[in-house]
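# Report on the structure
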Amino acid sequence: MSTIDKDTVKHVAMLSRLALDDSEIAAYSRQLASILTYISKLNELDTKDTPPTSHALRTLKNVFRKDSTKPSLSVEEALKNAPAKEGGFFKVPQVIEGK
Amino acid sequence: MENLHSLTAHELKELMASSPVEPSKILGDVLKRVDALDGKIRAFALVNRDGARKACASAKGGGRLSGIPVLMKDNICVAGEETTCASRILKGFKPPYDATVTRKLKEDGAVLIGKANMDEFAFGSSCETSCYGATRNPWDLDRIPGGSSGGSAAAVAADETIVALGSDTGGSIRQPAALCGVVGMKPTYGRVSRYGLIAFASSLDQIGPITKDVKDASLLLGVIAGHDEMDSTSVDLPVPDYTKSLTKDIKGVRVGVPKEYFVKGIDREVEDSVKKAIGVLKDLGAEVIDISLPHTGYAVSTYYIIGPAEASSNLARFDGVQYGLRDSTAKDIIGMYTRTRSEGFGDEAKRRILLGTYCLSAGYYDAYYLKALKVRTKIREDFDNAFKSCDCIVTPTSPTPAFRIGEKTDDPIAMYLSDVYTIPANLAGLPAMSIPCGFSSGGLPVGLQIMAKPFDEEMIFRVAYAFEQSTDFHKKRPRL
Amino acid sequence: MEKSAKPPRKGSAKPTRKGTNYETVIGLEVHLQLKTNSKVFCGCATTFGKAPNSQTCPVCLGFPGSLPVLNEAAFLLAVKVALALNCKIQDLIKFDRKNYYYPDLPKNFQISQYDMPLSYDGFIDIGSESSFSRKRIRIKRVHLEEDAGKLIHPPEGGCSLVDFNRTGIPLLEIVTEPDINSPQEAYDYLTRLKSILEYLRVSDCDMEKGSLRCDANISVRPAGDNALGTKVELKNMNTFKGVRLGLEYEVKRQVSLVSDGERIVQETRLWDADKSVTISMRSKEEAKDYRYFPEPDLVPFVVDKSVVEKIKSGLPELPEAKAKRFIKDFGLSEYDAGVITGQIDIADYFEECARSHGNRKTIANWIMGDIMAYLNTKNMPITAFGLAPAALVSLLKMIDSGSISGKMAKDVLAEAIETKAKPEDIVARKGLAQISDSGKLEEAVKAVLARNEKSVNDYKSGKKNALAFLVGQIMKETKGAANPVMVNEILKRNLGE
């Protein structure tokens, strides 16, 4: 039976930028635990020598585009859906610099 | 002519050619039907009357689907039209560009009539997680239509559109098609461009047709398939004329039946319908072979790691910066992110994002994500082996007919197991179709799934058409 | 603690109060924008300085439903750089998603490379070959990724503004092993790297425009220790000099802490060029967990061995090879060759001159001296320099033949740059031709000697500086045009030596 403790759920929530209240954390802990238990079925299989499949199209390689320019969106089109904008920029709450 | 909405695309094309039936008349009948029924069914997220009327006026007539009303699932971008994936977080978003399939349909002269309801971000098998409310199954309005392309399938079943497009990541075209008694196909991964499809799981998603019969599916796939330079995962192979596969001749075709698909959990009536259908194929001259796909039981677990993992990354962009919902009360950027996303995403979306993030996070990547990618190889190898001895594989599409609204919403795993038969084709990238093959004693549709080798959609069309034309399940309509 | 037995490397060991020498360990991470017409995954232009959000599209804006397609030219340029840096090209190359949230990152993930990057195991040698400071800096990897957008913070505060023009510009990440042991070595590495990159013509390499950026990882440890100390990431150094200053400050700060017995906090610090200090960034809310996984929207890439060979053999002559050749073919000193070949355009300028004028040392001196000084004050590249190689050569030929003096030549140079007139024409027009006629000079010398008996006697009685006085008088007599070498000869003869 997998368990996933509340601190882990809080941490994962932060990594995914989700704000969860206590009852949500409790609920998700339970649900995720049962899902993870089900998923851990995969451990029945020995995959030591099995290569992973990231792409369904096994043989497709080297897909490129030529280095030529195409028309961009107009500034207006780019910003059309923006919840907040100013002078051609997207506007967000003040960010203190540093990643 | 009355009730044009009840015809198929190929029947309407014949009518338009032989008699003066205008696209606007067809559209008119369809919209009347939508107005009459959609209050109950809720297949539509958006009806675009003006756009559709304009398209009718300029429909040139040359294309395979010109003048034919088409409903697009709400995760496929149509320029200037609200595209929300049935999520509050994308409310109001109008993409400045068309998806490639949208562009192809427009160039063909098809009449796009609006956006179909769906599970939020395609997360679901019942169409209950939509922010617009659940879509109902036209065969029984207390039941789910299946998901996530529930709106597309219900609309086709109820004649609220002539044809529709859905998307399929773990069965989201095939399962609702089965539950609604219509035809639904997931093409081979890479056959249809994903450019403009709002991504759920990039390595599994495909757009495909949902139609009233196999011939319509062959027409629609012919329009949307093909290489796209905007999609690195789209394959540069010529698109055959799929209608040429509609020969009704399947003599000598080797049909594989995997034993792992007929184990505990399958509804008895579903099993009976499917076994009868296999009998029909045998009568038509096909050779039925028992095969084994030994890793079938691990497909759901594999999918529920890969899908949520990729989804957690694909959905990270919904943060209030450039489009969609933004919580403007937040004073700092992190607050804006977390509040926007917490308000904008529904419960299932949050669950999958958390699950996916967890499976990718430091310390868990090898145990979950990498492990899943390896089991995916084994599942694919099962099919590679099976196709050495058969030309197609036939199974039930869904373990049960449509269940009641609310029946599985409290039990995520029970919901996930609805996809047990459809998921393997996504993991292996294979083409697969569901066609109607019977009814439960309660009058609910049952679907038969046909899978084939990569890029062998022609085999599927051949077998499906032969079956369809020797039965009349495709002619049945729900009483509405 | 014992003092290390070997002589301390320049700038690295620092005697402390406790008598311990500390060794500095530095790794550098350079990000380089590649000069392609279009962005790495879409067809938007890459021009610098355009109006905000005017060079964007659904792909580089990360709009829902958009997909990346790799720019072939960016890929091949990346291979070119990797080979020039002596790296091995990966057999199977793939891209990965680096997941983190930031407003300048539209998808909140960056398409980058994680465990199967484009190339690995390369190196650059710094210092000239025969010098004590010669050293090999190993390059861990060179990989390709997409650039992010730009955040602007209005001074009045209250909000930040985002411009996505820069998003999607192809970026090369060049990471060294922690082989660098002093801020000066870091500076030398960056200078050598930039030189090579300019030779390849793959980038503007302009730190001011942001086409070249550098971050550092730095730790200290007692000299002789094998274990690495706690490393600090240093960012926001916007010039090579800033890198050196930032690292110098950090070394001092870390050594001071460690020798007091205190711990170094593993963190990211920013270099503040105005205050000349490094400052800690606000504490991060989480350790960086980028949740790398293979990018499903891009297929893998294979570079055929024949393509690798073709690119390798097509590489231009690189700085070290060119320097060696200049030493061999043109007899330059190691030092001169190093300076001249530091920049490709200067090397090309020199070589064009050297092919038509045998006095290469003079050419080198003029370039390294007057010309580079002029270019530096004007902040001008030699490609915009107003004096073509042929013109410089004719000027130097006039000096060698004696028709003008070296001093005059400097004036002619200045005027030639200004007016773009030919040096011969300027000399003729101004009558600057040096007097090298021995007859005329003989006359001048005799005239001066006749007028300055006292000085002549002073010189003959042992006052050597009287000679300089006499030479000065001769120059005055000839209005500065006398050929000084000949004057010296004639004067000495006339003084009876």
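Predicted, not measured: the structure shown is a model, and the values here were computed from it. (Residues numbered from 1 in each chain as written. Chains lettered and ligands numbered in written order. Predicted model: local features only at pLDDT ≥ 70, side-chain atom pairs only at ≥ 80, totals over all residues. Heavy atoms only, no water.)

All chains considered together, the criterion is met by 39 aromatic pairs over all chains. Ring centres of B:Phe121 and B:Phe318 lie 5.0 Å apart, and the angle between their planes is 45°; on these two criteria the pair is classed as tilted. Of this pair, B:Phe121 sits in the loop between β3 (111-116) and α5 (150-157) while B:Phe318 sits in the loop between α9 (299-314) and α10 (333-344), placing them 197 residues apart in sequence. Residue classification places B:Phe121 among the buried positions, given a relative accessible area of 3%. Of the aromatic side chains, those joined through ring pairs into one cluster are B:Phe93, B:Phe121, B:Phe123, B:Phe200, B:Phe318, B:Tyr323, B:Phe345 and C:Phe63. Just above the ring of B:Tyr298 sits the side chain of A:Lys41; from NZ or CZ to the centre is 5.3 Å. Over the face of the ring belonging to C:Tyr290 we find C:Lys98, whose NZ or CZ atom lies 4.5 Å from the ring centre. (Phe/Tyr/Trp six-rings, centres within 6.5 Å; stacked < 30°, edge-to-face > 60°. Helix = DSSP H or I, 4+ residues; strand = E, 2+ residues; numbered from the N terminus. Buried < 20%, exposed > 50% of the residue type's maximum accessible area, 1.4 Å probe, protein only. Lys NZ or Arg CZ within 6 Å of the ring centre and 35° of its normal.)

In this section: the sheet that holds strand β11 (residues 445-452) of chain B. All names here are of chain B. In space, the 11 strands of this open sheet follow the order β1-β3-β2-β4-β6-β5-β10-β11-β9-β7-β8, with mixed pairing throughout. Two strands in the sheet have a free side with no partner beyond their single neighbour: β1 (44-47) and β8 (287-291). The average undirected angle you get between the axes of adjacent strands in this sheet is 30°. Where strand β2 (residues 69-73) meets strand β4 (residues 163-168), 3 bridges bridge the pair, whose relative direction is parallel. Paired with Met 72 across the two strands is Leu 165, which belongs to β4. (Pairing = 2+ DSSP bridges. Axes fitted to C-alpha atoms, helices over the stretch in contact; angles between N-to-C directions.)

Another point: the nonpolar core. Core analysis: the largest hydrophobic core is formed by 311 residues, its most contacted members being B:Leu105 and C:Tyr189. For this core, the leading source of residues is helix α1 (residues 72-84) of chain C, giving 9 residues. Lining this core are residues from two domains, each supplying at least three of them: domain 1 (20-302) and domain 2 (316-430) of chain C. Counting 15 residues, the second-largest nonpolar core is a separate cluster that includes C:Leu449, C:Ile474, C:Ile490 and C:Leu495. (Core = buried A, V, L, I, M, F, W, Y, C linked by side-chain atoms within 4.5 Å. Domains from an automatic or database assignment.)

All names here are of chain B. Residues Val 183 and Met 185 of strand β5 (residues 183-186) are buried on one face, and the alternating residues Gly 184 and Lys 186, pointing to the opposite face, are buried as well. Bridging between β5 and strand β6 (residues 206-211) involves 2 bridges; their strand directions are antiparallel. Bridge pairing in β6 links Gly 184 to Ile 210.

All right, on to the domain arrangement of chain C then. As far as domains go, chain C holds domain 1 (20-302), domain 2 (316-430) and domain 3 (438-494). Here domain 2 of chain C and domain 3 of chain C have C-alpha centroids that lie 33 Å from each other.

All names here are of chain C. A complete count under the given rule lists 8 cavities of 30 Å³ or more for this structure. The calculated volume of the largest cavity comes to roughly 100 Å³. In this structure, the largest cavity is lined by 16 residues; those nearest its centre are Val 59, Leu 67, Pro 68, Lys 107 and Ile 111. By residue class, the composition of the lining of the largest cavity is 8 nonpolar, 2 polar and 6 charged. The calculated volume of the second largest cavity comes to roughly 60 Å³. (1 Å grid on protein atoms, 1.4 Å probe; cavity = no way out; pocket = protein on both sides within 12 Å on 5 of 7 lines; lining within 4 Å. Points joined across faces, edges and corners; volume = space filled by probe spheres on them. Nonpolar A, V, L, I, M, F, W, Y, C, P; charged D, E, K, R; others polar.)

The next thing to look at is the packing of helix α2 (residues 22-39) of chain A against helix α11 (residues 347-360) of chain B. Interhelical geometry of α2(A) versus α11(B) gives an angle of 60° and a closest axis separation of 11 Å. It follows from the interaxial angle that α2(A) and α11(B) lie oblique. The handedness of the crossing between α2(A) and α11(B) is right-handed. Contact with α2(A), carried on its side by A:Glu24, A:Tyr28, A:Gln31, A:Leu32, A:Ile35, A:Leu36 and A:Ile39, involves B:Asp347, B:Lys350, B:Arg351, B:Leu354, B:Leu355 and B:Tyr358 of α11(B) and no other residues of that element. A per-class count over the contact of α2(A) with α11(B) returns 8 nonpolar, 1 polar and 4 charged. (Parallel < 35°, antiparallel > 145°, perpendicular 65-115°, else oblique. Left-handed = near helix turned anticlockwise from the far one by under 90°. Contact = heavy atoms within 4.5 Å.)

Turning next to the environment of C:Asn21. All names here are of chain C. Tracing the chain through its elements places Asn 21 in the segment before β1 (22-33). Taking relative accessible area as the criterion, Asn 21 reaches 9% and is therefore assigned buried. When the C-alpha atoms of Asn 21 and Gly 224 are compared, they prove to be 9.0 Å apart, with 203 residues separating the residues in sequence.

Interfaces are often sized by the amount of accessible area the parts lose when they come together. Taken together, the 36 residues of chain A in the interface contact 58 residues of chain C. Regarding the contact of chain A and chain C, the summed buried area is about 4,200 Å², with carbon and sulfur atoms giving 59% of it. Summed over the shared surface of chain A and chain C, the result is 1 salt bridge. Summed over the shared surface of chain A and chain C, the number is 23 residue pairs in polar contact (both at pLDDT 80 or more). Within the residue set of the side of chain A that touches chain C, elements represented by two or more residues are α1 (6-15), β1 (64-65), α3 (75-79) and β3 (89-92) of chain A. With 4 residues, the top contributor of residues to the side of chain A that touches chain C is β3(A). Taken together, the residues of the side of chain A that touches chain C break down into 15 nonpolar, 11 polar and 10 charged. Here β1(A) runs beside strand β2 (residues 70-71) of chain C; their pairing, made up of 2 bridges, is parallel. Bridge assignment links A:Arg65 to a residue of β2(C), and that residue is C:Asn71. (Buried area = accessible area lost by both parts, 1.4 Å probe. Salt bridge = Lys/Arg side-chain N within 4 Å of Asp/Glu carboxyl O. Polar contact = N/O pair within 3.5 Å; in protein donor to acceptor, adjacent residues only side chain to side chain.)

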